[in-house]
Amino acid sequence: MDSKTRIAAILFDKDGTLFEFGATWESWARAFLLRITGQDLARATRVGRHIGFDMTTESFRPDSIVIAGTPAEIVAALAPHLPEIRPDLLLDRINEEAELAPQKQAVPLAGLLDGLRARGLMLGVATNDAEAPARAHLAGAGVLERFDFVAGFDSGHGAKPGPGQLLAFARAIGQAPEHVVMVGDSIHDLLAGRAAGMKTVGVLTGLARERDLAPHADVVLPDIGHLPGWL
């Protein structure tokens, strides 16, 4: 893609991009696993291994399904080990606990987003989280109204690494995909951006390393606070 292509909009991943991944989802995982196992730490530890979470260190493996997967994929990984909970109820509990998860902003979001909007850029969020928790997290940070579009895996556009959410954003704002930048912390985000025909920017506020993201990104930045300088 021509480096001088006009940029009209930026589409952000949520977890690991707008918000630091570890600070949010490590707390979620511990609380969620204890809740669904009736506060049985030993069982929570065993179940946690199936989603790549270590209860002892309170950390995720780099290949954890939670990092880039959807809540439905997390349910599929957990359901065989929690036969007493119907999958639909398990999904409800994932989303309920997700709405309560503490959010640590990767950078102060309000000022950054206002600065981007002042440049005339339209902004969106595409996440593999469910839409309702995503909106709750953005509202909790006081920035929901800065976005022209918010989609989750359950919004009817599919999930990343498929390009459906990204193309839906481009349609919603009336822009060709080549005028949109996809910003994310995972390979899923960047593959989705490439599949949609967008520019791709990787950030290092998730669990992926620069060498993981670089082959799929036009640029890798430390965090989204470096976007204005790159633009």
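Every chain is numbered independently, its residues counted from 1 as its sequence is written. Residues qualify for local features only when their pLDDT is at least 70, as the model is predicted, and side-chain atom pairs are given and counted only at 80 or more; totals for whole chains, interfaces and linings, by contrast, use all residues. With hydrogens and water set aside, each side-chain value is computed from the structure's full complement of heavy atoms.

Enquirer: Report on the pattern of salt bridges, specifying residues and quantitative values.
Expert: Should a side-chain nitrogen of Lys or Arg be within 4 Å of a carboxyl oxygen of Asp or Glu, the pair is scored as a salt bridge. Inspection of the entire model under this criterion finds 16 salt bridges. In this structure, Asp-13 and Lys-160 form a salt bridge, with 2.9 Å as the shortest nitrogen-oxygen distance. Taken together, the positions of Asp-13 in the loop between strand E1 (9-12) and helix H1 (21-36) and Lys-160 in the loop between strand E5 (149-151) and helix H8 (164-173) put the pair 147 residues apart, joining distant regions of the chain. Residue Asp-189 pairs with Lys-160 through a salt bridge whose shortest N-O separation is 2.7 Å. In this pair, Asp-189 sits in helix H9 (residues 187-196) while Lys-160 sits in the loop between E5 and H8, placing the two residues 29 residues apart along the sequence. Connected through salt bridges with shared partners, the residues Asp-13, Lys-160 and Asp-189 form a single ionic network. To qualify as a helix, a DSSP run of H or I must reach at least 4 residues; to qualify as a strand, a run of E must reach at least 2; elements of each kind are numbered from the N terminus.

Enquirer: Tell me what's going on with the environment of Phe-153, and back it up with residues and numbers.
Expert: Tracing the backbone shows Phe-153 in the loop between E5 and H8. Whether a residue is buried, partly exposed or exposed follows from its accessible area with a 1.4 Å probe, protein chains only, as a fraction of its type maximum: under 20%, in between, or over 50%, in that order. For Phe-153, a relative accessible area of 17% puts it in the buried group. Placed 81 residues apart in sequence, Phe-153 and Ala-72 show a C-alpha to C-alpha distance of 8.7 Å. In this structure, Phe-153 is in contact with Thr-70, Pro-71, Ala-72, Leu-91, Thr-127, Asn-128, Asp-129, Ala-130, Gly-158, Ala-159 and Gln-165, ignoring residues within four places of it in sequence. Contact criterion: two residues are considered in contact whenever any of their non-hydrogen atoms come within 4.5 Å of each other.

Enquirer: An account of the environment of Val-201 is needed here, citing residue identities and associated values.
Expert: You can see Val-201 is positioned in strand E7 (residues 199-203). Judged by relative accessible area, Val-201 falls into the buried class, the value being 0%. For the pair formed by Val-201 and Ile-224, sequence separation is 23 residues and the distance between their alpha carbons is 9.1 Å. Discounting residues that sit within four places of it in the chain, Val-201 has contacts with Val-181, Met-182, Val-183, Gly-184, Leu-190, Val-219, Leu-221, Leu-227 and Trp-230.

Enquirer: Quick one: what's the story with helix H6 (residues 109-118), residue by residue and with numbers?
Expert: Restricting attention to buried positions, one finds in H6 the residues Leu-109, Leu-112, Leu-113 and Leu-116. For H6, the arc enclosing every buried residue in end-on projection is 95°, short of the 170-degree limit, so these residues lie on one face. Residues of H6 that are exposed and angled more than 90 degrees away from the buried face: Gly-111 and Ala-118. Of the surrounding secondary structure, the elements contacted by the buried residues of H6 are E1, strand E4 (122-126) and helix H11 (227-230). Of the residues one or two after H6, Gly-120 is the one with positive phi, at around 90°. The arc under discussion is defined with respect to the helix axis, by the directions toward the C-beta atoms.

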